[in-house]
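If you want the building blocks of each chain, they are given just below.
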Amino acid sequence: MALRIKTEKWRLSQLAAASCAALLLAACGGGGGGGGTATLPVTPPVTPPVAPADASFADTVAYSGAATAALPSAEERAATVKAQLTLAGTRIDYTATSGHLTVTDARTGKPAASFFYVAYTADKQEASRRPVTFFYNGGPGSASMWLHLGAFGPKRIVSTVPSNVIVSPTQFVDNQESLLDTSDLVFVDAVGTGYSQAIAPSVNQDFWGVDSDAASFRDFVQRYVGVNGRQASPKVLFGESYGTTRTAVLANLLETAGVKLGGIVLQSAIMDYNANCGVLDPGAVSCEGYIPTYAATAAYYKLANPAQADLGSYLQQVRNFSATSYRAAVAAYLSPAKTPPSPDVVTQLVNDTGLPALVWQQNINYNPNTYQGKLLPGQLIGRYDTRVSGAAGGPLAVDGDPSLTVVNAAFIETMRTYLDGQLKYSARSNYINFNGATDRWIFRHDGKDLPDTIPDLAAAITQNPSLKVLVQSGYYDLATPFYQTERDMARLGSNPNIQLRNYSSGHMIYLDDAARRAQKADLVSFYGSVTAGK
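Residues numbered from 1 in each chain as written. Predicted model: local features only at pLDDT ≥ 70, side-chain atom pairs only at ≥ 80, totals over all residues. Heavy atoms only, no water.

K.L.:
Could you give an account of the packing of aromatic side chains, naming the residues involved and the relevant values?
P.N.:
With the rule as written, the count across this model stands at 31 aromatic pairs. Pairing Tyr117 with Phe220 gives two aromatic rings, centres 5.9 Å apart and planes at 55°, and the pair type is tilted. In this pair, Tyr117 is assigned in strand β6 (residues 111–122) and Phe220 in helix α2 (residues 210–228), connecting sequence segments 103 residues apart. On the accessibility criterion, Phe220 (1% relative accessible area) is buried. Plain terms: the ring middles of Phe220 and Tyr224 are 6.3 Å apart, the flat faces sit at 35° to each other, and that makes the pair tilted. Linking Phe220 with Tyr224, this pair stays in helix α2, spanning four residues, or about one helical turn. One aromatic cluster is present, built from ring pairs that chain together Phe115, Tyr117, Phe134, Tyr136, Phe217, Phe220 and Tyr224. Positioned above the aromatic ring of Phe217 is the side chain of Arg246, whose terminal nitrogen or guanidinium carbon lies 4.1 Å from the ring centre. Sitting over the face of the ring of Tyr333, Lys338 holds its NZ or CZ atom 4.0 Å from the ring centroid. (Phe/Tyr/Trp six-rings, centres within 6.5 Å; stacked < 30°, edge-to-face > 60°. Helix = DSSP H or I, 4+ residues; strand = E, 2+ residues; numbered from the N terminus. Buried < 20%, exposed > 50% of the residue type's maximum accessible area, 1.4 Å probe, protein only. Lys NZ or Arg CZ within 6 Å of the ring centre and 35° of its normal.)

This is the structure we're talking about:
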């Protein structure tokens, strides 16, 4: 659907042996989409002249997110605006740059894709010591406006999450949790989203796959670094949802290409699709990773028995139950004998999740899609944030997720007006917030029909043992549950450079004011560790 902008809805209705086309969720070879050699740096075209301050750019190109769309050619042009932001009493003068960079096909040396980005760089800073962070959302098929306008850019949309009230008119304010005091910020859109598009003979769909997408991002990072002289800067990747899948592959590709990273941030991560019952048929894989999220949700709606005052301690108990009694019960249930759960296990599930005993007796491996519609009679709870709910069949449920509906329109409307008004970049066509690429995406990776990117992350860490990793998750996220992420990351073993942080929020952690402040504090500490050796 056109309004499912951030559709990291990666559920599979049916996994075919050779295809992942039905997958719905929350730079491999050189930009041309087929592969390319990751160990060879891309030779960039001639560096364009630096645009003067406050230079507007009226882009006459009409961009398309269609699978077969391609630009006949592309220019590296941008609008630049000087602005100020005051954080904690300190004024930051910065430059906002909105425009395009071209990546080339490593095999042919010809232009392959034009990437749209918006960069915020603090003025009068020593580039070699100043981190630069590359932000992107996921989908796949989503533009990166969510992180851009909701999280850590210099401006943000005011959100009332977890309220289910749609704020009108939209408030767009200076962001007191912006990361601009800590890092320069580059928000980049995947090919076929925003104003990014393939260049003929490549087409958008050439970049719609785990490997080809990550390769194109690798080439963009290299191009941005080269054009802007940021070779010595600490470099950080920040991906959300499918963007974390991209990040693991991208980190490995960049390290292989000789681009050393300082750190990566994985927000609302999905690392291994093959271990996730929200992706696969729950008859094939355990829903263990979701039980603590069910429990957090039940506690929020006061359905947990007994009532829980300390959420953190309670969820640790639920983790322990999930990893022991529940795990064993699911294994027996999924076995050929299809052994039903014991009364003790059923009772514990009833107490923790708020669902009646009959539900668990009929199917102990209860998937998140069903939980979303069954917890509250006559209500649909949010998938991205279970604290947001709406009447089933009502206006908040029209897109299948009330927590998306309450913020969707505000982001769509504000992105275009912000670019055109404050950032001085105007375009002929609408900003492509979501392009529907999920149904065409090639999820196959590393010999599997669905990606498992923990080995990619392990390979990046092996190449760069000093790489810092921060994983941030929300307790109320049914799209990428925090405990499933913890289980995936545990495969990397004990590593002091890997930190996991959970927040009382949903998939888009930053939409909750308290969670965003806590998230920013953790990020500032993380960046301190990244730059400690510079």
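K.L.:
How would you sum up the pairing of strand β7 (residues 132–136)? Please name residues and give values.
P.N.:
Within a regular strand, the side chains alternate between the two sheet faces. Burial runs high along β7: five of the five residues are buried. What you see with β7 is no split at all: Val132, Phe134 and Tyr136 on one side and Thr133 and Phe135 on the other are buried throughout. The pairing of β7 with strand β10 (residues 184–188) spans four bridges and is classified as parallel. By the bridge assignment for β10, Phe135 is matched with Phe187. (Pairing = 2+ DSSP bridges.)

K.L.:
So what about the pattern of salt bridges? Which residues, and what values?
P.N.:
Within the structure shown, the criterion is met by 21 salt bridges. Here Asp184 makes a salt bridge to Arg230, at a shortest N to O gap of 2.9 Å. Taken together, the residues Asp184 in strand β10 and Arg230 in the loop between α2 and β12 (235–240) connect sequence positions 46 residues apart. With a relative accessible area of 5%, Arg230 lands in the buried category. Across the pair Arg387 and Asp512 runs a salt bridge whose closest N-O atoms are separated by 3.1 Å. Taken together, the residues span a long stretch of sequence, with Arg387 in the loop between β14 (379–381) and β15 (389–391) and Asp512 in the loop between β18 (498–503) and α12 (513–531) at a distance of 125 residues. On the basis of relative accessibility, which here comes to 8%, the residue Arg387 falls in the buried class. Bridged by salt links that share partners, the residues Asp272, Lys448, Asp452 and Arg491 form one connected network. (Salt bridge = Lys/Arg side-chain N within 4 Å of Asp/Glu carboxyl O.)

K.L.:
Let's hear about the confidence of the model for the protein chain: which residues, and what values?
P.N.:
Overall, the prediction assigns the protein chain a mean pLDDT of 90, with 90% of residues at 70 or greater. In the model, residues 1–49 has pLDDT below 50 throughout and makes 200 contacts with residues more than four positions away in sequence or in other chains. (pLDDT = per-residue confidence, 0-100. Contact = heavy atoms within 4.5 Å.)

K.L.:
Can you lay out helix α10 (residues 454–463) for me, pointing to particular residues and giving the numbers?
P.N.:
The complete set of buried residues in α10 reads Ile454, Asp456, Leu457, Ala460 and Ile461. Buried residues of α10, viewed axially, fall in a sector of 160°; they line one side. On its buried side, α10 packs onto α3 (242–256), β13 (263–267), β17 (468–474), α11 (482–490) and β18. (Arc of directions from axis to C-beta.)

K.L.:
Please give an account of unusual backbone geometry that cites residues and values.
P.N.:
For the bond from Ser168 to Pro169, the omega torsion is 0°, close enough to zero to count as cis. As for its placement among the helices and strands, Pro169 is situated in the loop between β8 (155–157) and β9 (172–174). The omega torsion of the bond from Asn305 to Pro306 falls at 0°, within 30 degrees of zero and hence cis. Note that Pro306 resides in the loop between α4 (291–300) and α5 (311–334).

K.L.:
I'd like a description of α3, backed by residues and values.
P.N.:
Three- or four-residue spacings in an α-helix give side chains the same orientation, since the helix completes a turn every 3.6 residues. Across its 15 residues, α3 extends 22 Å between first and last C-alpha, which sits within 8% of the 21 Å expected from 1.5 Å per residue. Gly258 occupies a position one or two residues after α3 and carries a positive phi of about 90°. (Expected span 1.5 Å × (residues − 1).)

K.L.:
Requested: an account of empty space enclosed by the protein, with residues and values cited.
P.N.:
Looking at the largest cavity, its volume works out to about 130 Å³. Taken together, 15 residues form the lining of the largest cavity, with Val158, Ser159, Val406, Val407 and Ala410 sitting closest to its centre. Among the elements that make up the lining of the largest cavity, the one with the highest residue count is helix α9 (residues 402–421) (four residues). Residue composition of the lining of the largest cavity, by class: eleven nonpolar, four polar and no charged. (1 Å grid on protein atoms, 1.4 Å probe; cavity = no way out; pocket = protein on both sides within 12 Å on 5 of 7 lines; lining within 4 Å. Points joined across faces, edges and corners; volume = space filled by probe spheres on them. Nonpolar A, V, L, I, M, F, W, Y, C, P; charged D, E, K, R; others polar.)

K.L.:
Can you tell me about the pairing of β12, naming the residues and giving the values?
P.N.:
In terms of burial, β12 is a largely internal element, six of the six residues being buried. Neither face of β12 is open: one carries Lys235, Leu237 and Gly239, the other Val236, Phe238 and Glu240, and all of them are buried. Pairing of β7 with β12, which is carried by five bridges, proceeds in the parallel orientation. When the sheet's bridge partners are listed, Phe134 is paired in β12 with Leu237. Between the parallel elements β12 and β13, the chain passes through α3 in a crossover that is right-handed. (Right-handed = clockwise from strand over helix to strand, strands pointing away.)

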